[in-house]
Amino acid sequence: MAGIKLIPYRDEDYEFVYEVKKNAYRKYVEKNWGSWNEEEQRKYFDNFITNVKNNAFIIMYEETKIGFYNGKIISNGIYEIENICIIPQYQNKGIGSKILKEKLEENKDRDIVIQYFKQNPVGKLYERLGFTPNGETEYHYRMKYRYGV
């Protein structure tokens, strides 16, 4: 989909990003922990956004905010893709795939890791793009990507 770009997160994007993440993850939080506690989730999000805002981006389609992305270099030079969240009306249009492919190309000199909730079917997409299993936690599967392997 042409017209997709990432622009740096700004503090005025706070509420938009919270709602995008809430929409993307609420069902998994409820399934794993039994409920969505708005107060607890706000506290968690406040801490999250404070820690990632320098590596966070708003996904734009033309002039419309349609999602959120964040990723960073972690230990040993590995690049971690943390979140790709897209509002429902723009899902299943190849936008997440496009962003993933761009990040794979941008980081082709390093390993890339990603994790996702076990209930989330997105793992099939990651496999198609070349990610391989790399462990799991109680709630997440982890995958790794090596360029050219």
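Residues numbered from 1 in each chain as written. Predicted model: local features only at pLDDT ≥ 70, side-chain atom pairs only at ≥ 80, totals over all residues. Heavy atoms only, no water.

Engineer: What am I meant to see in unusual backbone geometry here?
Structural biologist: Backbone phi values are negative for most residues with the exception of glycine, while trans is the configuration of most peptide bonds. Not every positive phi belongs to a glycine, and Asn76 is a case in point at roughly 60 degrees. Looking at the element boundaries, Asn76 is found in the loop between strand E3 (64-73) and strand E4 (79-86). Taking the relative accessible area as the measure of exposure, Asn76 reaches 78% and is therefore exposed. Positive phi values are uncommon outside glycine, yet Asn92 reaches one of about 60 degrees. Relative to the elements of secondary structure, Asn92 occurs in the loop between E4 and helix H3 (95-106). By relative accessible area, which is 83% here, Asn92 ends up exposed. (Helix = DSSP H or I, 4+ residues; strand = E, 2+ residues; numbered from the N terminus. Buried < 20%, exposed > 50% of the residue type's maximum accessible area, 1.4 Å probe, protein only.)

Engineer: For this particular structure, what's the right way to read the sheet that holds strand E1 (residues 4-8)?
Structural biologist: To summarise the sheet geometry, strands pair through backbone hydrogen bonds and adopt either a parallel or an antiparallel arrangement. Pairing is mixed across the open sheet formed by seven strands, whose spatial order is E1-E2-E3-E4-E5-E7-E6. Since the sheet does not close on itself, it has two edges, and those belong to E1 and strand E6 (132-136), each with one partner. In this sheet, neighbouring strand axes are inclined to one another by 30 degrees on average, regardless of whether the strands run parallel or antiparallel. With three bridges joining them, E6 and strand E7 (residues 140-145) adopt antiparallel strand pairing. Looking across to E7, one finds that Glu136 is bridged to Tyr141. Against the sheet, helix H2 (residues 38-52) touches strand E2 (56-61), E3 and E4, its axis set at about 70 degrees to E3. Each of E1, E2, E3, E4, strand E5 (112-117) and E7 is contacted by H3, which is oriented at about 160 degrees to E4, the strand it contacts most. (Pairing = 2+ DSSP bridges. Axes fitted to C-alpha atoms, helices over the stretch in contact; angles between N-to-C directions. Contact = heavy atoms within 4.5 Å.)

Engineer: Help me understand the nonpolar core, please; the structure alone is not making it clear to me.
Structural biologist: Counting residues in each nonpolar core, the largest one holds 43 residues, and the members touching the most others are Tyr126 and Phe131. The leading source of residues in this core is helix H1 (residues 14-33), at seven residues. Leave out the neighbours within four places in its chain, and Tyr126 touches Leu100, Ile114, Tyr116, Phe131 and Met143. (Core = buried A, V, L, I, M, F, W, Y, C linked by side-chain atoms within 4.5 Å.)

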